Amino acid sequence: LQQSLQPTITRRPRTITVGESVDQIMGLLTALPPPPAPVAFDIETESGQVSSIALACSPEDALVIPIFWGPVGSKWCLEDEENIWTALADLFSLTPMIGQNVHYDLTFLKMYDVYATRIHMDTMVAFHVLYPELPKGLEFMASIYTDHPYWKGDRTTSDEQIFYRYNATDALLT
């Protein structure tokens, strides 16, 4: 309704940061609001492993942590990747987390010893409880509750930055 009052569509500005160094990632994880503030998350997978994880502490700001990119392989040396997973395990054990189809993401995160002990909400389950007759995919919910244009086609891109933007958008809209 709000958009019908003006001739142009005003979109919410969003900031997506893709972690480029372990120091930057650690700093950004440390800067997240402390519990009890919830954090939305989303993972992307490829070849049976996590390829990236996105975290959003608001609908405007997201951090993407690249882990693995097809032709390149692992984005980090073993020690750096272990440090990233340890920091994520700490975050997930203390922070109320919000996800879409959380069970899927948690299945993969367990492989890296990351356990979410404080699930605040699974948006897919919550929406399905309220509206069992409607589709429960994030793209459908976003079309109802947000002004964000369709983005799900970016999942299959061969452009690394577009892929990370896709991952972040999932977290932002969750």
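These numbers come from a predicted model, not from an experiment.

Chemist: Even after reading the chapter, I still don't get the nonpolar core, so can you show me in this structure?
Modeler: In globular proteins that are soluble, nonpolar side chains generally tend to be buried together. By size, the foremost hydrophobic cluster in this structure holds 30 residues, and its most contacted members are Leu29, Leu55, Ile65, Leu88, Phe92 and Leu109. Of all elements in the fold, only α1 (22–31), β2 (39–46), β3 (49–56), β4 (61–66), α2 (78–94) and α3 (102–109) reach the threshold of two or more residues within this core. Here this core takes seven residues from α2, the largest share from any one element. Counting 13 residues, the second-largest nonpolar core is a separate cluster that includes Ala40, Ala62, Tyr164 and Leu172.

Chemist: Explanation requested: the packing of helix α4 (residues 123–130) against helix α5 (residues 138–145) in the structure shown.
Modeler: Axis angle and axis distance: for two packed helices, these are the angle between their axes and the distance between the axes, and together they describe the pair. With their axes 11 Å apart at the nearest point, α4 and α5 run at an angle of 70 degrees to one another. Between α4 and α5, the crossing angle belongs to the class labelled roughly perpendicular. Between α4 and α5 lies a crossing whose hand is left-handed. Here Thr123, Met124 and Phe127 of α4 lie close against α5, whose contacting residues are Phe140, Met141, Ile144 and Tyr145. Residues belonging to the contact of α4 with α5 are distributed by class as follows: six nonpolar, one polar and no charged.

Chemist: Help me out: how do you make sense of the pairing of strand β8 (residues 119–122) in this one?
Modeler: Residues in a regular strand point their side chains to alternate faces of the sheet. Pairing of strand β7 (residues 97–99) with β8 involves three bridges; the strand directions are parallel. Following the sheet pairing, Met97 is matched in β8 by Ile119. A crossover links β7 with its parallel partner β8, the connecting element being α3, and its sense is right-handed.

What counts, and at which threshold
- Residues numbered from 1 in each chain as written.
- Predicted model: local features only at pLDDT ≥ 70, side-chain atom pairs only at ≥ 80, totals over all residues.
- Heavy atoms only, no water.
- Core = buried A, V, L, I, M, F, W, Y, C linked by side-chain atoms within 4.5 Å.
- Buried < 20%, exposed > 50% of the residue type's maximum accessible area, 1.4 Å probe, protein only.
- Helix = DSSP H or I, 4+ residues; strand = E, 2+ residues; numbered from the N terminus.
- Axes fitted to C-alpha atoms, helices over the stretch in contact; angles between N-to-C directions.
- Parallel < 35°, antiparallel > 145°, perpendicular 65-115°, else oblique.
- Left-handed = near helix turned anticlockwise from the far one by under 90°.
- Contact = heavy atoms within 4.5 Å.
- Nonpolar A, V, L, I, M, F, W, Y, C, P; charged D, E, K, R; others polar.
- Pairing = 2+ DSSP bridges.
- Right-handed = clockwise from strand over helix to strand, strands pointing away.

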